[in-house]
Amino acid sequence: MSALTQQRGEGSPVLLERLRRSLAADGCDPTATRVAAALRAEGHILGDGAVLDIVDELRRDTVGAGPLDGLLHESGVTDVVVNGPSAVFVDRGSGLEPTGVRFADDEAVRRLAQRLAAAGGRRLDDASPYVDLRLRDGTRFHAVLSPLARPGTAISLRVPARRTFTLADLIEVGTITPLGAELLRDLVSSRAPFLVTGGTGGGKTTLLATLLSLVDPRERLVIVEDASELRPEHPHVVGLEGRPANIEGAGAVSVRDLVRQALRMRPDRLVVGEVRGAEVVDLLAALNTGHEGGCGTVHANSASDVPARLEALGVAAGLSREALHSQLASAVQVAVHIVRPHRGSRHVREIAVLSADPSGMVRAEHAVVFTSEGAPQAGPGARRLEQILAGPS
């Protein structure tokens, strides 16, 4: 509860808004002296402590993410979401949890969303009521203004990983078993092209960054992303980041454009942070023309769904179904699927191999399935995975 609320009751948000506008009109920063003067002009005399509390509150509204700053800097937080002024949640890796953070009203949420959008060079108003961008610190920011969003303006913030995990770290937190870690280490060494698959917030980017950190330091990684998230611990990384159109509708740079540029940059490993559009065409073409060890992530409910998911993306980009499967058959060999149960921590569920059946359609075969019940279970693709990990003969 703010100093104004404590001392002035229910009218406090209104007074706070008047103070905010008064200082903004004068072009003043909210210093203690200026806030005290503005309060006197409004007919309010408060003690030094209360004035300093108000200064802090006003500064939170103009610097960083305002009332959400503390949550974003809290250790272990991966996401912060706002569903209107009275519902703020965080995800610490085990699902969304309510917090005690509240906004005075929806106008306060809207004001924060607009300020963050402006900081990223984007417009957010009734004529352009939603935005998706990356903030300077790497946080992914998305907002939809009310009344499009109910029960009020909605904000979603994805916090970038503060560090890159090692395989030992992932074993310790239960993301992968020791056997799974050994298989993934061999997968990176084999230079076989692979995809990390899973749902939103499942840990795909974290796992891929860990695996890229295992790449031979003499190799050059060129990473293409819509929003920069991958931060592997590797001495030779070049990152290319897409860019949306500006307010005038110009200046957009697509991931597909950047994949084409990356191919001219002598990549030892071409990495697409998330395959979600037409870039699938250029990625598959690249992996079919000598670019070994390429990898990326893709949204899929299971490893078995990966061919269908890529087929949908390829067809939408203009490839025929047959051409897509023909390219995919030799472009991607392995899918590593990570899941996030409704209640529980993220963990690698399976490793599958991709190969074409007699009809030419690519299918995913389970090679190793990791269960919570006991030892990993070998699947029909286990022999093929063994051959892939052994490398070219």
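First things first, this report covers the structure right here in the doc. None of the values given here were measured: they were computed from a predicted structure.

## A short note on the sheet that holds strand 11 (residues 295-299)
Thought 1: Reading across from one edge, 9-8-10-11-7-12-13-14-15 is the order of the nine strands in this open sheet, with mixed pairing throughout. Only two strands of the sheet have a single partner each, and these edge strands are strand 9 (237-241) and strand 15 (377-378).
Thought 2: By the bridge criterion, two bridges tie strand 14 (residues 362-369) to strand 15 in an arrangement that is antiparallel. Note that in strand 15 the partner of Val368 across the bridge is Ala378.
Thought 3: Against the sheet, helix 10 (residues 255-262) contacts strand 8 (221-225), strand 9 and strand 10 (269-272), and its axis sits at roughly 170 degrees relative to strand 8.

## Some details on the sheet that holds strand 1 (residues 79-83)
Thought 1: Across the sheet, which stays open at both edges, the six strands sit in the order 3-2-1-6-5-4 with antiparallel pairing between neighbours. Taken across any chain shown, the strands that pair with only one partner, and hence form the sheet edges, are strand 3 (96-98) and strand 4 (130-134). Ignoring strand direction, the axes of neighbouring strands in this sheet form an average angle of 15 degrees.
Thought 2: Judged from the three bridges that link them, strand 2 (residues 88-91) and strand 3 form a sheet pairing that is antiparallel. In the sheet register, Asp91 faces strand 3, and the bridge partner there is Leu96.

## Observations regarding helix 12 (residues 306-316)
Thought 1: Among the residues making up helix 12, those that are buried are Val306, Pro307, Leu310, Glu311, Leu313 and Gly314. Along helix 12, the residues classed as buried sweep out an arc of 165 degrees about the axis, all on the same side.
Thought 2: Once helix 12 ends, the next one or two residues include Gly318, with phi positive near 110 degrees.

Analysis parameters
Residues numbered from 1 in each chain as written. Predicted model: local features only at pLDDT ≥ 70, side-chain atom pairs only at ≥ 80, totals over all residues. Heavy atoms only, no water. Pairing = 2+ DSSP bridges. Helix = DSSP H or I, 4+ residues; strand = E, 2+ residues; numbered from the N terminus. Contact = heavy atoms within 4.5 Å. Axes fitted to C-alpha atoms, helices over the stretch in contact; angles between N-to-C directions. Buried < 20%, exposed > 50% of the residue type's maximum accessible area, 1.4 Å probe, protein only. Arc of directions from axis to C-beta.

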